[in-house]
Amino acid sequence: WTPDKYQQTERVARNKIPKQISNVALRTALRAVTDESERPKLRALVLDGASAGTTRGLVKLGLQERHITVVNPHTHVVHSLRNMGVNAYAGRIQDFIATRPAGHPPYDVIFLDLTSSLPPLLSTIRALFKNHLISSDTVLAVTTSTR
C-alpha cells in the first residue's frame, strides 16, 4: 500500500475547481468530435485519483468502463478504480507507456492531468508517439503545473 500524498490536502481542495473545469473541457471536446453512437467503443487512457472525477465524467459521456485505462501510482486508489470496472495500472505513466507491447492499439482519448511543468514531461508525450499509443484521430489533452 502506497500512501497518497495528494489525498485530503489543502492542495487538493485548492485544485478541485480547476480539475473540474479541465474535466468539463475534455468532455466538451469529446462531444464536439465524436458521435454519441461511437463513444461506447472509444478507448481512453487517463490519469485519475481516488475521486475518479475524470473517469466518472467519461462514463457519464458514454464511454464504457472496460475501455478506460487509468494510471495511478497509489495501490489503494488503483484497487478502488478496479472496483469501478476500469482497467487500472499501479505505477507511473512513463512505466505504463514503456510496457505496452508492440502492436498495442492506440487510444482514442488520452488525458494526462499532470502535476509538474511541461519541460520534464515532454519525454512522456514523445513516448506516446514513439510507442504508437496515439493515432491521427486521438484526442490528446494535457494539463501541467505552472511551477
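An account of the accompanying structure is given in this report. This one's a predicted model, so the numbers in the text were calculated from it and none came from an experiment. (Residues numbered from 1 in each chain as written. Predicted model: local features only at pLDDT ≥ 70, side-chain atom pairs only at ≥ 80, totals over all residues. Heavy atoms only, no water.)

**Quick notes on the overall build of the chain**
Line of reasoning, step 1. Each helix and strand in the chain was counted, giving 5 helices and 5 strands.
Line of reasoning, step 2. Listed N to C, the secondary structure of the chain is α-β-α-β-α-β-α-β-α-β in terms of helices and strands.
Line of reasoning, step 3. Burial statistics for the chain: of 147 residues in total, 37% are counted as buried.
Line of reasoning, step 4. Here the analysis covers contacts within the chain between residues at least 6 apart in sequence; of these, 64% occur between residues at least 24 apart.
Line of reasoning, step 5. When the accessible area of the chain is evaluated, it comes to approximately 8,500 Å², of which 54% is carbon and sulfur surface. (Helix = DSSP H or I, 4+ residues; strand = E, 2+ residues; numbered from the N terminus. Buried < 20%, exposed > 50% of the residue type's maximum accessible area, 1.4 Å probe, protein only. Contact = heavy atoms within 4.5 Å. Areas by Shrake-Rupley, 256 points an atom, 1.4 Å probe, with all protein chains shown as cover.)

**Section: the nonpolar core**
Line of reasoning, step 1. Within the largest apolar cluster, 20 residues are counted, with the highest numbers of intra-cluster contacts made by Leu26, Leu30, Leu58, Leu63, Ile68 and Leu81.
Line of reasoning, step 2. Elements that contribute at least two residues to this core include exactly helix H1 (10–33), strand E1 (44–47), helix H2 (53–61), strand E2 (68–72), helix H3 (75–83), strand E4 (107–113) and strand E5 (134–143).
Line of reasoning, step 3. The element that contributes the greatest number of residues to this core is H3, accounting for 3 residues.
Line of reasoning, step 4. For leucine 26, the contacting residues outside a window of four places in its chain are Thr54, Leu58, Val109, Phe111 and Ala141.
Line of reasoning, step 5. Counting residues in each nonpolar core, the second largest holds 15 residues, with Ile97, Ile110, Leu133 and Ile134 among its members. (Core = buried A, V, L, I, M, F, W, Y, C linked by side-chain atoms within 4.5 Å.)

**So, the pattern of salt bridges**
For side chains of opposite charge, pairing can occur when their charged atoms come near one another.
Line of reasoning, step 1. Applying the stated criterion to the full structure yields 1 salt bridge.
Line of reasoning, step 2. A salt bridge links arginine 92 to aspartate 95, with the nearest nitrogen and oxygen atoms 3.2 Å apart.
Line of reasoning, step 3. What makes aspartate 95 partly exposed here is its relative accessible area of 32%. (Salt bridge = Lys/Arg side-chain N within 4 Å of Asp/Glu carboxyl O.)

**Comments concerning the sheet that holds E2**
Line of reasoning, step 1. The 5 strands are arranged E3-E2-E1-E4-E5 in an open sheet whose pairing can be described as parallel. Single-partner strands in this sheet number two, and they are strand E3 (87–90) and E5. Put simply, the sheet's adjacent strands are angled 15 degrees from each other on average, direction ignored.
Line of reasoning, step 2. Seen against the sheet, H2 touches E1, E2 and E4 and runs at an angle of roughly 150 degrees to E1. (Pairing = 2+ DSSP bridges. Axes fitted to C-alpha atoms, helices over the stretch in contact; angles between N-to-C directions.)

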